[in-house]
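Structure assessment
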Amino acid sequence: MAWSTLLAALLAVVVTVAAGIGPVTIPPTEIAKILLNSIPVPAGLELTWGGVVIGGLLQLPGIDLSWRPLTAYPVNSTHERIVMQVRLPRILLAALVGFSLAAAGTVMQGFFRNPMADPSIIGVSSGAALGATVFIVAPLALPFGLGLRGAAFAGALLAAFAVYVIATENGRTPVATLLLAGVAVQTFLGAMISYLQLQAGESLRQVVAWLMGHLQGSTWSEVQATLMVVPLLFVVLLAYSRDLNVLLLGEEDAKGLGIEVERTKRILLAASSVITAAGVAVAGVIGFVGLIVPHMLRLVVGPDHRVLLPASALAGAAFLVVADTVARAGATEIPVGIVTAAVGAPFFLYLLRKREVHEL
């Protein structure tokens, strides 16, 4: 709890500072006032007549809940528009994506008992990349107006489901078989993506930009859509954190301790796949967040997933917000995936040189 509280406070500070960085610099104190002004709180209940009519005669009162801002600090209106309409949606989406990738990475490393595992190990990122690439190169009419992000989300889930089906036999899903199936499917999907890039023509630039990871043009609707998925699935993962601890002892020992191993594995795989797909669908392929953040936090807070999972998720959110701020702060904006790889790879190599990496 202490680690989660500390990292939540760090995330709040990072979000506040990041919102002030850009072509127009805004002081953190004004950012804090703008954010506090945007928080709605109930102002009271009002009875309104005519809300419910029975038989055309009897009118019952309806209830109208009114809202007001938490605070009413005087702020610059231009700064407020910049923060609320341009920067804050992007920052919050970065936090949600980092949160989802780090949470899924933590579960995957525990599930496979391997600190080198990450959310893409069962083909989710490759499936999302293929879905997005197909949509960009040969646009399809998807139901419900899902568009590019819907194609990426569907591709991610289909790839994860394919890996699970390939690795499952007689109701059992051996971890080693799942890992090998994930590698094979990733390789196949990578070949398809490469072929589509050759056929992309003028769309190649858009394909490459998506594959590098991006958060440009983030909107409140994307934040809301991601919020509908990520917190719920995180609660599911957190509910199984104790079972994940027991699985670290081995499947036979876990059975002896009363864990329904196959059922638990299915739930962990499904929740991890969907939470990863939700992040990748809106931000493209962003590497190293789900690998380096859980690994680093495990060295600090220990292997207990009841503590490690929320700590890693919050740290992943803060890390991606910082990385995206660096990506957009220069004279020319660069894809955030380049920043995470440039920071994550050398740091991970440093950890490998300084500390031995064993199985979990």
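Residues numbered from 1 in each chain as written. Predicted model: local features only at pLDDT ≥ 70, side-chain atom pairs only at ≥ 80, totals over all residues. Heavy atoms only, no water.

So, the overall build of the protein chain
Check the secondary structure of the protein chain and you find 15 helices and two strands. Pairs at least 24 apart in sequence give 75% of the contacts found in the protein chain among residues at least 6 apart. With the model as given, the accessible surface of the protein chain reaches about 17800 Å², and the carbon-plus-sulfur share is 67%. (Helix = DSSP H or I, 4+ residues; strand = E, 2+ residues; numbered from the N terminus. Contact = heavy atoms within 4.5 Å. Areas by Shrake-Rupley, 256 points an atom, 1.4 Å probe, with all protein chains shown as cover.)

Details of the environment of Gly284
Within the secondary structure layout, Gly284 lies in the loop between helix H12 (261-283) and helix H13 (289-301). The exposure class of Gly284 is buried, given its relative accessible area of 2%. Residues Gly284 and Ala132, 152 residues apart in the sequence, show an inter-C-alpha distance of 8.5 Å. (Buried < 20%, exposed > 50% of the residue type's maximum accessible area, 1.4 Å probe, protein only.)

So, unusual backbone geometry
Positive phi outside glycine occurs at Arg113, with the angle close to 55 degrees. For Arg113, the position within the fold is in the loop between helix H3 (77-111) and helix H4 (124-137).

Overview of the environment of Val229
Its place among the elements puts Val229 in the loop between helix H8 (220-227) and helix H9 (230-239). Sequence spacing of Val229 and Ile275 is 46 residues, and the spatial spacing of their C-alpha atoms is 6.9 Å. If we ignore the near neighbours within four places in the chain, the residues touching Val229 are Val274 and Ala278.

What to know about the pattern of salt bridges
Pairs can form between side chains of opposite charge once their charged atoms are near each other. Applying the stated criterion to the full structure yields six salt bridges. Two residues, Glu222 and Arg149, come together in a salt bridge whose shortest N-O distance is 2.7 Å. Of this pair, Glu222 sits in helix H8 while Arg149 is found in helix H5 (residues 147-167), placing the two residues 73 residues apart along the sequence. Its relative accessible area of 11% is what places Glu222 among the buried residues. Residue Arg149 is classed as partly exposed on the basis of its relative accessible area, which comes to 27%. (Salt bridge = Lys/Arg side-chain N within 4 Å of Asp/Glu carboxyl O.)

A closer look at the side chain of His214
Relative to the elements of secondary structure, His214 occurs in the loop between helix H7 (204-211) and H8. Excluding residues within four positions of it along the chain, His214 makes contact with Arg149, Ala209, Val282, Ala283 and Val336.

Observations concerning helix H14 (residues 305-329)
Look at H14: 35 Å from first C-alpha to last across 25 residues, which is about the 36 Å you get at 1.5 Å a residue. Burial within H14 is extensive, with 19 of its 25 residues counted as buried. The backbone nitrogen of Arg306 has a side-chain oxygen 3.0 Å away, supplied by the residue at the start of H14, namely Asp304. (Expected span 1.5 Å × (residues − 1). Polar contact = N/O pair within 3.5 Å; in protein donor to acceptor, adjacent residues only side chain to side chain.)

Digging into the nonpolar core
If you look at the biggest cluster of nonpolar residues, it comprises 101 residues, and the most contacted ones within it are Phe112 and Trp210. Per-element tally for this core: the top contributor is H3, with 17 residues. When sequence neighbours within four positions are dropped, the list of residues in contact with Phe112 reads Ala117, Ile121, Ile122, Val175, Leu178 and Leu179. (Core = buried A, V, L, I, M, F, W, Y, C linked by side-chain atoms within 4.5 Å.)

Some details on H5
Within an α-helix, residues lying three or four positions from one another point in the same direction, as the helix has 3.6 residues per turn. Between its first and last C-alpha, H5 extends 31 Å over 21 residues, near the 30 Å set by a 1.5 Å rise per residue. Taken together, the buried residues of H5 touch H4, helix H6 (175-198), H7 and H12.

Here's the deal with the confidence of the model for the protein chain
The predicted model of the protein chain averages 86 in pLDDT, with 90% of residues at 70 or higher. Highest mean pLDDT in the protein chain belongs to H9 (95); lowest belongs to strand S1 (residues 40-54) (61). pLDDT under 50 marks residues 52-56. Its contacts with residues more than four places away, or in other chains, come to six contacts. (pLDDT = per-residue confidence, 0-100.)

Some details on the packing of aromatic side chains
For the coordinates displayed, the defined rule picks out two aromatic pairs. Note on Phe99 and Phe234: the rings are 4.8 Å apart at their centroids and 65 degrees apart in plane angle, and the pair reads as edge-to-face. Placement of Phe99 in helix H3 and of Phe234 in helix H9 is noted, with a sequence separation of 135 residues between them. In this structure, Phe99 and Phe234 share a single accessibility class: buried. Taking the centre distance of 5.2 Å and the plane angle of 70 degrees together, the rings of Phe111 and Phe112 count as edge-to-face. This pair shows no difference in class: Phe111 is buried, exactly as Phe112 is. (Phe/Tyr/Trp six-rings, centres within 6.5 Å; stacked < 30°, edge-to-face > 60°.)

Here's the deal with the packing of H13 against H14
The contact between H13 and H14 brings their axes to 9 Å, and the two run at 130 degrees. Taken together, the axis directions place H13 and H14 in an arrangement best described as oblique. H14 is crossed by H13, and the crossing has right-handed handedness. Two secondary-structure elements touch here, H13 through Val289, Val293, Pro294, Leu297, Arg298 and Val301 and H14 through His305, Val307, Leu308, Ala311, Ser312, Ala315, Gly316, Phe319 and Leu320. Among the residues forming the contact of H13 with H14, the class breakdown is eleven nonpolar, three polar and one charged. (Axes fitted to C-alpha atoms, helices over the stretch in contact; angles between N-to-C directions. Parallel < 35°, antiparallel > 145°, perpendicular 65-115°, else oblique. Left-handed = near helix turned anticlockwise from the far one by under 90°. Nonpolar A, V, L, I, M, F, W, Y, C, P; charged D, E, K, R; others polar.)

A short note on a nonpolar patch on the surface
Residues Trp3, Leu6, Leu299 and Val300 make up a contiguous nonpolar surface patch of roughly 360 Å² in combined accessible area. Counting residues per element, the ones that place at least two in the nonpolar patch are helix H1 (2-19) and H13. Tracing the sequence through the fold places Leu6 in helix H1. (Patch = residues over 30% accessible without salt bridge, like charges linked within 9 Å, V, L, I, M, F, W, Y side chains within 5 Å.)

Re the side chain of Thr133
Position of Thr133 among the secondary structure elements: in helix H4. Residues contacting Thr133, with those up to four places away along its chain left out, are Ile193, Leu196, Val207 and Leu211.

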